[in-house]
Every structure is written in structure tokens, then in C-alpha cells.
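Given next are the chains, with one letter for each unit.
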Amino acid sequence: MAEKDNTEIDNKNCSVNFDCDIFGDDDDDIIAQAFEDSLLVENVDTKKSEVSVLNHGSKDPKEGGQSHSHPSVPESTPLESLPGFDEDAGRTWIYPINYPIRDYQYCIVEKALYKNTLVSLPTGLGKTFIAAVVMYNFYRWYPQSKIVFMAPTKPLVAQQVEACFNIMGIPQEDTSQMTGTMSLENRAKAWTQKRIFFLTPQVLTNDLTRGVCPGTLIKCLVLDEAHRATGNYSYCQVIHVLRQHRHDFRILALSATPGTDVRAVQQVLTNLMISHIELRSEDSPDIQAYVFHRSIEKIVVPLGNELSILKKRYLNVRKYHYSVYFFFNSLQIVVSCH
């Protein structure tokens, strides 16, 4: 694994990266405006956490081991002001080199470590990889804190547990997979003894509400299928409860499709307190080398006489079935009215 110097953590100076054409060229300005509006709508009372640059000569795996430096951070926010932060571990952040290094993943990880980030990548381009790297670094930086990965369904939760372990080698003895079938007593014990949790948002909401989960100890929260964070969905409830504790925590939101329209995207950004967006489509230049290009040729095959007769008979059966259904349904309504 490669280590890299810490750079400045900044939740307020937001930069949006629109390197894709998901919404079309004409919508870029609209999405940017939606992003800015989402920050204005939420008057979030969070402190800006900044980490001093302690080593200016570490090796960067992207640059073939050449040294590099970063600008200094103001001395008004010393390292020891961050509750639970390990100064020695906090000197560097770790990126795995046992996998081929992809520039877009490396850049997204670096941003996600220091800003609440929404990552939108096409399926199969490594959203779980990015999450595993971010989680592992927070696992090192805050040795007494909790790291949480949420997915909307139990199969997705189980899938992410295995993937994160294989990518970063997160110790299994510090990992817990929670479901609603686990008793409250066992969950309370796990919250005390474990540090990394994979669960559904409903489980976390229940445990936070009952006081079983130590919400103030959660330092990194990863949300898969983040486009669901609208309305009163459990993701929104989790964020609402955690904000009541008034402590700093990092949010990483993952989604292949951030929303169906600008309004939906803005709602997700607001609900999840997102300050940075990383969007990629299959046409983005930096992922072209990793996209499997498909050649699609459309061939229309006529049904033929035999299949045409079967189709006609099938449609007649469906037509009769729906006619009978609507007749009895209408009859039932008339009877109920009388």
C-alpha cells in the first residue's frame, strides 16, 4: 500500500466536478445551481476541520515515487483539536497498490477523504473500491470511532462486506454485519466491541433512536444507492438523528444514477449534506480505458404466420380477462355505493 501526505480538510469550500454528460451539456449550469442551492437551503452547523501537512516529501504512487509537497494549512486549527484523531496515523493516508491504479479512482478517493462527496459511476467501475479505501483510512485515523456502511437490502450488505475485506484487508474481528433478525442485545454488544459495521439503514435508525448505537462515535458514513435519500427514506432519518448529536462525521454517497431530474438530485445533495460531486458517464475521457465497449446491431425478425396466430389468440384471451375483471370491479363499486 502507498502512503500519501494529508492535505487540507475543507467541508465548506466546495468544488463540483462535472466530467460527464449524464444530464447533457445544457443541464450542467442547472445542476451546478442546484448544487449551490442545496448548500444554502441547509444551514448546517459544522466546523471546518483542517489537518496540518506534516511530511512534505512522501512518495506518490501515481508519480513513480517522486516526492511532492502541499501548501501549508493555517496554524489556527492544530491537529490535536480533532476529537479521537490519531496524530501518528493521521500523518498519511493509504491507497492500495495491489490493484491496478486508476487515475479517476485515486482522485475521487483523495476528494472523498476530505469532503462529503457524492460519487456517481457507471456500474462496474469501482464504487465499492473507493468506499473501502475511504473506510480503511478513517479506521486508521480514528482508532476509537465507528465506521458504517449502509445498503438498502440485505444481499447488498453481504456483498459489500466481502468486497471491502478483499480490497483493503479490513480485520474481520473488528467487523460486524447487522440485520433486523439480530437481537437487540447482540447488536448492543456489537456496537460496543466492533468498529466497522455493514447494515441496512432501518437497523441503524432503530439503534440510534433507542440509544443502542453510540452516534457520537460514528466518523465515517457510507451510503450505497444514495439516490434513495429523498423524502422520509431511512437514509434521511439516519442523517437527521446523527446531526442532532452535533459532531463532525464524513459522508460518502454512492450511486450509479444520482436522480431522474435536477430537483431529485438537489434533494439528495441537501439531505446528505454533500459538498462535492464526482460524476462520470461511459463517455467520460478518464474512464474510457476501463469501459467495455459494446457493439449493438438491431435485427427485426418477423413473427411469421404461426406466431402471428398465437399472438392474436393470446391478446384475445387477455382482452376477455380484463373485460371480465373491470366488469366485476365496476359491479362491486356500484353495490358498495348503494
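Thresholds, definitions, all that
Residues numbered from 1 in each chain as written. Predicted model: local features only at pLDDT ≥ 70, side-chain atom pairs only at ≥ 80, totals over all residues. Heavy atoms only, no water. Core = buried A, V, L, I, M, F, W, Y, C linked by side-chain atoms within 4.5 Å. Buried < 20%, exposed > 50% of the residue type's maximum accessible area, 1.4 Å probe, protein only. Helix = DSSP H or I, 4+ residues; strand = E, 2+ residues; numbered from the N terminus. pLDDT = per-residue confidence, 0-100. Contact = heavy atoms within 4.5 Å. Axes fitted to C-alpha atoms, helices over the stretch in contact; angles between N-to-C directions. Parallel < 35°, antiparallel > 145°, perpendicular 65-115°, else oblique. Left-handed = near helix turned anticlockwise from the far one by under 90°. Pairing = 2+ DSSP bridges.

## Focus on the nonpolar core
The biggest cluster of nonpolar side chains holds 44 residues, and the ones touching the most others in it are W141 and L252. Those elements that provide at least two residues to this core are β3 (92–95), α2 (103–114), α3 (127–141), β5 (146–150), α4 (154–168), β7 (196–199), β8 (218–223) and β9 (250–255). In terms of residues, this core owes the most to one element, α3, which gives 11 residues. Formed by 35 residues, the second largest nonpolar core is a distinct cluster that contains M178, A190, V241 and L269.

## Regarding the confidence of the model for the protein chain
Across the protein chain, the average pLDDT comes to 76, with 70% of residues at 70 or higher. Predicted confidence is poor over residues 41–77, with pLDDT under 50, and the contacts of this stretch with residues over four places away or in other chains come to 85 contacts.

## Observations concerning unusual backbone geometry
With a phi close to 55°, E225 is a non-glycine residue in the positive phi region. Residue placement: E225 occurs in the loop between β8 and α7 (234–244). A positive phi angle, close to 55°, is found at M273, a residue other than glycine. Here M273 lies in the loop between α8 (262–271) and β10 (276–279). With relative accessibility at 13%, the residue M273 sits in the buried group.

## Concerning the packing of α2 against α3
Across the interface, α2 lies against α3 with an axial gap of 9 Å and an inter-helix angle of 40°. Between α2 and α3, the crossing angle belongs to the class labelled oblique. You can see that α2 and α3 cross each other, and the crossing is right-handed. Residue-level inspection shows Q105, I108, V109, A112, L113 and Y114 of α2 in contact with α3, the latter providing F129, I130, V133, V134, N137, F138 and W141.

## Re the pairing of β5
Counting buried residues along β5, five of its five residues qualify, which places the element largely inside the surrounding structure. Judged by which residues are buried, β5 turns out to be covered on both faces: K146, V148 and M150 on one side and I147 and F149 on the other are all buried. Across five bridges, the pairing between β5 and β8 is parallel. Following the sheet pairing, I147 is matched in β8 by C220. Note: β5 against β7, four bridges, orientation parallel. Across the sheet, F149 pairs through a bridge with F198, a residue of β7.

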